[in-house]
Amino acid sequence: KQIVLSASLKLNDERKISSEYYFVKPKDLLLEKPEINLTYVKDSTYQITTNVFAKDVFISSQSEYGRWSDNYFDLLPNEKKLIYLHRNNGSDLSSPSVLSPRLKSAINIKSLYDINK
């Protein structure tokens, strides 16, 4: 109930496709509480990482800021995933390219662990 098989195809050190296989249904997974971190990289690019396996990671923020490029994805321990914030026109963020305290407080990150606890 704690095993996931992960396979990925890389070409020239760039991951092209990946897939995970679970030996039990998601509701039966024994998940640990993940520490999910979101870090600003540049422009509208952010890096997300976790210390333990995180299933169905969901990121939300107030709609005035825009929408995230990916949602409901799985994140392996120490995996670095880049996601993008597609900002709305007229977003009133004073600095649109940073993870400002105002934006940070508006971001909510959850995973299946949070739903099953």
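Here the structure is a predicted model, which is why all the values come from computation and not from measurement.

Calculation criteria
- Residues numbered from 1 in each chain as written.
- Predicted model: local features only at pLDDT ≥ 70, side-chain atom pairs only at ≥ 80, totals over all residues.
- Heavy atoms only, no water.
- Helix = DSSP H or I, 4+ residues; strand = E, 2+ residues; numbered from the N terminus.
- Contact = heavy atoms within 4.5 Å.
- Pairing = 2+ DSSP bridges.
- Axes fitted to C-alpha atoms, helices over the stretch in contact; angles between N-to-C directions.
- Core = buried A, V, L, I, M, F, W, Y, C linked by side-chain atoms within 4.5 Å.
- Buried < 20%, exposed > 50% of the residue type's maximum accessible area, 1.4 Å probe, protein only.
- Salt bridge = Lys/Arg side-chain N within 4 Å of Asp/Glu carboxyl O.

### Examining the environment of Pro 77
Mapped onto the elements of the fold, Pro 77 is located in the loop between strand E7 (73–75) and strand E8 (81–87). As for Pro 77 and Pro 34, which are separated by 43 residues in sequence, their C-alpha atoms are 9.0 Å apart. Contacts of Pro 77, omitting those with residues within four sequence positions, involve Thr 50, Asn 51, Val 52 and Phe 53.

### What to know about the sheet that holds strand E5 (residues 54–60)
Read from one edge to the other, the open sheet built from three strands follows the order E7-E5-E9, with strand pairing classed as antiparallel. Each edge of the sheet is formed by a strand with only one pairing partner; in this case those strands are E7 and strand E9 (108–110). Averaged over all pairs of adjacent strands, the angle between their axes in this sheet comes to 40 degrees, without regard to strand direction. Where E5 and E7 come together, two bridges link them in antiparallel fashion. Looking across to E7, one finds that Ala 54 is bridged to Leu 75.

### Concerning the nonpolar core
One finds Ile 48, Val 57, Ile 59, Trp 68 and Ile 83 to be the most contacted residues of the largest nonpolar core, which totals 16 residues. Elements with a minimum of two residues in this core: strand E3 (36–42), strand E4 (45–50), E5, E7, E8 and helix H1 (101–106). Here Ile 59 is in contact with Ile 48, Trp 68, Asn 71, Phe 73, Ile 83, Ile 107, Asn 108 and Ile 109, once residues within four sequence places are set aside. Of all hydrophobic cores here, the second largest spans five residues; its members include Tyr 22, Leu 29, Phe 53 and Leu 112.

### What to know about the pattern of salt bridges
Taken as a whole and judged by the stated rule, the model has four salt bridges. Measuring nitrogen to oxygen at the nearest pair gives 3.4 Å for the salt bridge that ties Asp 74 to Lys 55. Separated by 19 residues along the polypeptide, Asp 74 in strand E7 and Lys 55 in strand E5 bring together distant segments of the chain. Per residue, the accessibility class of Asp 74 equals that of Lys 55, and both read buried. The network of salt bridges with shared partners includes Lys 55, Asp 56 and Asp 74.

### Considerations on the pairing of E8
Taken together, the four bridges between E4 and E8 define a ladder with antiparallel strand orientation. Looking across to E8, one finds that Ile 48 is bridged to Lys 81. Bridge count between strand E6 (residues 66–68) and E8: three bridges; the pairing is antiparallel. Counted as the bridge partner of Trp 68 is Leu 85 from E8.

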